[in-house]
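In case you want the letters, here they are:
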Amino acid sequence: MSKNATLEVEGRQVPVTNLDKIYYPKAKFTKGEMLAYYIKIAPILLPHLEGRPLTMKRYPNGVEAPFFYEKQCPRPKPPFVETCSVARHHKPGRIQFCLVNNLPTLVWAANLGDLELHTFLSKAPNVHKPTQIVFDLDPGPPANAVQCAQVALWLREMFNRLGLEVFIKSSGSKGMQAYIPLNMPITYAETTPFAKSVAFALEKAHPELVVSDMKKELRHGKVLVDWSQNSETKTTVSVYSLRAKDKPFVSMPLEWEEVEECLRKKDASLVFFEAAEALKRVEEKGDLFAPVLTLKQNLKTAVKAARSGKPRKVTKARLKGTGDGSIKAYNAKRDFTQTKEPSGKKGKTAGKKLLFVIQKHAASHLHYDFRLELDGVLKSWAVPKGPQTDMETKRLAMRVEDHPYDYARFEGTIPEGNYGAGTVMVWDIGTWENLGPEPHEGLKAGKLHFRLNGKKLKGEWALVQMHGPRATKGNEWLLLKHGSAQKPVSAKADDTSAISRKSMKQLAGPRSRKWISNRESEGNPKTSKKPKKKPSSFRGRIAALAKSIRPKRKTQTAKRKQDR
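My aim in this report is to walk through the structure given alongside it, one point at a time. (Residues numbered from 1 in each chain as written. Predicted model: local features only at pLDDT ≥ 70, side-chain atom pairs only at ≥ 80, totals over all residues. Heavy atoms only, no water.)

Some words on the overall build of the protein chain
Part 1 of the reasoning: Helix and strand counts for the protein chain stand at 15 helices and 29 strands.
Part 2 of the reasoning: Of all 564 residues assigned to the protein chain, the portion counted as buried reaches 53%.
Part 3 of the reasoning: Across the protein chain, every contact between residues at least 6 apart in sequence was considered, and the portion connecting residues at least 24 apart equals 67%.
Part 4 of the reasoning: Surface summary for the protein chain: the accessible area is close to 26200 Å², and the carbon and sulfur share equals 53%. (Helix = DSSP H or I, 4+ residues; strand = E, 2+ residues; numbered from the N terminus. Buried < 20%, exposed > 50% of the residue type's maximum accessible area, 1.4 Å probe, protein only. Contact = heavy atoms within 4.5 Å. Areas by Shrake-Rupley, 256 points an atom, 1.4 Å probe, with all protein chains shown as cover.)

Side note on the state of the cysteines
Part 1 of the reasoning: In this structure the tally under the stated criterion is one disulfide.
Part 2 of the reasoning: A sulfur-sulfur separation of 1.9 Å characterises the disulfide bridge that pairs Cys73 with Cys98. Negative torsions about the S-S bond denote left-handed disulfides, and the value of about 95 degrees found for Cys73 with Cys98 makes this one right-handed. In this pair, Cys73 is assigned in the loop between β6 (68-70) and β7 (82-87) and Cys98 in strand β8 (residues 94-99), connecting sequence segments 25 residues apart.
Part 3 of the reasoning: Residue classification places Cys73 among the buried positions, given a relative accessible area of 4%. (Disulfide = S-S within 2.5 Å.)

A closer look at the pattern of salt bridges
Part 1 of the reasoning: Applying the stated criterion across every chain, the model contains 20 salt bridges.
Part 2 of the reasoning: With a closest N to O distance of 2.7 Å, Asp138 and Arg219 form a salt bridge. Separated by 81 residues along the polypeptide, Asp138 in strand β12 (residues 132-139) and Arg219 in the loop between β15 (210-211) and β16 (223-226) bring together distant segments of the chain. Neither Asp138 nor Arg219 differs from the other in exposure class; each is buried.
Part 3 of the reasoning: Of the charged contacts, one joins Asp494 and Lys360 as a salt bridge, the two residues approaching to 3.2 Å between their closest N and O atoms. With Asp494 in helix α12 (residues 491-494) and Lys360 in strand β21 (residues 354-362), this pair connects stretches of sequence that are 134 residues apart. (Salt bridge = Lys/Arg side-chain N within 4 Å of Asp/Glu carboxyl O.)

Examining the side chain of Ser503
Part 1 of the reasoning: When you line up the elements, Ser503 lands in the loop between α12 and α13 (504-508).
Part 2 of the reasoning: Once residues lying within four places of it in the same chain are set aside, the contact partners of Ser503 are Met425 and Asp495.

Comments concerning unusual backbone geometry
Note: most peptide bonds trans; most residues except glycine with negative phi.
Part 1 of the reasoning: With an omega dihedral of 0 degrees, the bond running from Arg75 to Pro76 counts as a cis peptide bond.
Part 2 of the reasoning: In this structure, Pro76 sits in the loop between β6 and β7.
Part 3 of the reasoning: With omega at 5 degrees, the peptide bond leading from Pro141 into Pro142 counts as cis.
Part 4 of the reasoning: Residue Asn18 is not a glycine yet carries a positive backbone phi of 50 degrees.
Part 5 of the reasoning: In this fold, Asn18 is placed in the loop between β2 (12-16) and β3 (22-24).
Part 6 of the reasoning: A relative accessible area of 28% means that Asn18 is categorised as partly exposed.

Focus: the environment of Arg451
Part 1 of the reasoning: With respect to the helices and strands, Arg451 occurs in strand β27 (residues 447-454).
Part 2 of the reasoning: Taking the relative accessible area as the measure of exposure, Arg451 reaches 34% and is therefore partly exposed.
Part 3 of the reasoning: Residues Arg451 and Ala462 lie eleven residues apart in sequence; the distance between their C-alpha atoms is 8.6 Å.
Part 4 of the reasoning: With near-sequence residues (within four places) excluded, Arg451 lies in contact with Thr431, Trp432, Glu433, Leu435, Gly459 and Glu460.

Description of the packing of aromatic side chains
Part 1 of the reasoning: Across all of its chains, the model carries 15 aromatic pairs by this definition.
Part 2 of the reasoning: Between Phe135 and Phe159, the aromatic rings sit 5.6 Å apart at their centres with planes inclined by 35 degrees, giving tilted as the arrangement. Taken together, the positions of Phe135 in strand β12 and Phe159 in helix α3 (residues 145-161) put the pair 24 residues apart, joining distant regions of the chain. Residue Phe135 shares its accessibility class with Phe159, and that shared class is buried. (Phe/Tyr/Trp six-rings, centres within 6.5 Å; stacked < 30°, edge-to-face > 60°.)

A look at the pairing of β7
Part 1 of the reasoning: Pairing of β7 with β8, which is carried by six bridges, proceeds in the antiparallel orientation. Note on β8: the bridge partner recorded for Cys84 is Phe97.
Part 2 of the reasoning: Counted along the chain from β7 to the antiparallel partner β8, the turn is six residues long, and its residue His90 has a positive phi close to 60 degrees. (Pairing = 2+ DSSP bridges.)

Brief notes about the sheet that holds β12
In any sheet, the strands associate via hydrogen bonds between backbone groups, in a parallel or an antiparallel arrangement.
Part 1 of the reasoning: Taken in spatial order, the six strands make up an open sheet running β15-β16-β12-β14-β13-β19, and their pairing is mixed. The sheet is open, and its two edges are formed by β15 and β19 (253-254), each paired on a single side.
Part 2 of the reasoning: Here six bridges tie β12 to strand β14 (residues 176-181), and the two strands are oriented antiparallel to one another. When the sheet's bridge partners are listed, Leu137 is paired in β14 with Met176.
Part 3 of the reasoning: Where helix α4 (residues 188-205) meets the sheet, its contacts fall on β12, β14, β15 and β16, and the angle it forms with β12 comes to roughly 35 degrees. (Axes fitted to C-alpha atoms, helices over the stretch in contact; angles between N-to-C directions.)

A short note on a positive patch on the surface
Part 1 of the reasoning: Taken together, the side chains of Arg409, Lys455, Lys492 and Arg501 present a region of like positive charge at the surface.
Part 2 of the reasoning: Relative to the helices and strands, Arg409 resides in the loop between β24 (394-404) and β25 (412-414).
Part 3 of the reasoning: The class for Arg409 is exposed, based on a relative accessible area of 58%. (Patch = residues over 30% accessible without salt bridge, like charges linked within 9 Å, V, L, I, M, F, W, Y side chains within 5 Å. Lys, Arg positive; Asp, Glu negative; His and termini not counted. Charge placed at Lys NZ, Arg CZ, Asp CG, Glu CD.)

A look at the side chain of Lys31
Part 1 of the reasoning: Structurally, Lys31 can be placed in helix α1 (residues 31-49).
Part 2 of the reasoning: For the buried Lys31, no salt bridge exists, and the shortest N-O distance to an oppositely charged side chain is 11 Å, to Asp20.
Part 3 of the reasoning: A polar side-chain atom of Lys31 sits 2.9 Å from the main-chain carbonyl oxygen of Thr17.
Part 4 of the reasoning: Polar side-chain contacts of Lys31 include one of 2.7 Å to the backbone oxygen of Asn111.
Part 5 of the reasoning: Those residues in contact with Lys31 that lie beyond four places of it in its chain are Thr17, Asn18, Leu19, Lys21, Tyr23, Ala110 and Asn111. (Polar contact = N/O pair within 3.5 Å; in protein donor to acceptor, adjacent residues only side chain to side chain.)

Topic: the nonpolar core
Part 1 of the reasoning: Core analysis: the largest hydrophobic core is formed by 95 residues, its most contacted members being Tyr38, Leu106, Phe135, Leu137, Phe159 and Met176.
Part 2 of the reasoning: Phe370, Leu463, Val489 and Leu507 belong to the second largest nonpolar core, which has 26 residues in total. (Core = buried A, V, L, I, M, F, W, Y, C linked by side-chain atoms within 4.5 Å.)

By themselves, these are just geometric observations and shouldn't be taken as functional.
What follows is the structure, encoded as structure tokens:
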């Protein structure tokens, strides 16, 4: 493939150049691979960039060559690149920042060498109103991400006392970054002093490890809790952005159990992921940072409640949400004044056959919720790609909180701002029969073997708990097909409710938000035909585009001759 090309991206022509140029010499990671990463991650990344003024951090010749920051959107710029005008701080004039509101703009910016994506905490046109608060946990050597994990857990404990949920990601560089979603009217004049007070309070409580002053001489062996990022003049590296390190590490969302494991095992490598690993995590776990975009939290109310001595706490069940034999975790996650989901009640009369249900759930990322009735509740697993019908495929199934029996027939839309916001369909429903050891023993041992008798699925499957390095939480299971294969579920049946016969679009209603299906064809001859040159689906266009710009590896002689 040529070094240069013109890509058709969502109907736009975007020139790309020097695709063979090595951007990460130690990893032999090229510019073409960098572009391919951003195209593949785009469906998850773009919602976090949309509307946020971008400061470019450009590495035109790779991570080992000089770089520069650029606030003013480069010119000439293509017509599809949107901008936002922001007044200069303490200077006359205005700056036209780029807005990465679409895939062509992302490809264009990456082609300019914008390796790192740094965005405002606010969105245009309300650039003076942050939607989130961020704390950058920056370790001073010999401290590293292990010490950042400890500080992050202290921060989580502090925010829990205020009734605020906090989300954590690796910086992709050395440390971590903690985010408090707000998504309610507020100004930097309110968030900045709050963030500063938090950093000072944490330093006072743990002076042996925490520092809030940026002076380098104070940071040796400690973690700087950088509160100053909460300013309308500063930008923070976006989630899912690449970082300019020796290897193509990504600023990646983390689960709190992973942070705890990093501290327990004292292994900083557990929270850093390269581009290929990042893409795989997103495929398996979806967007762990999706709630940061929609979760509404009132900072004023939280602070006022804390001052009154009656702060609302975020419960353990709300944070972890794993099956515990009760429905406390389910109830703790939901506000039943806003969602029509059934409140947590056990159900069922003893002696009848056990119920199973699979619900198709278009939340931040489409997945299928696999539920087995036991003890009057629904034991639940989230299966990102849905149940398989062939004998060879293995499906990741993440154990989640038990759901009430009445949830089995819930369909409809969970409103934005609520846990699991999106459309829910009863994809399949029927009864299940245990074929292995007694179900309680099977759950404890990490293996369930059963037969399903549903409207779409009939036959044997098994759920097996994972162990080893990949099983970081203890909630990772695999869904396996046993017995014999069955005919794949058709595309029409996949989008039809087993009880109402409605499609996902019909269940969502006229004001539904868009969602992306990640269900594979499973060998269905109707969906496994050779794709057209211009795939119709957004995900299809992304995959085809990423594949088209993957550069060929050069010979060692060619590499020495390349133009840096």
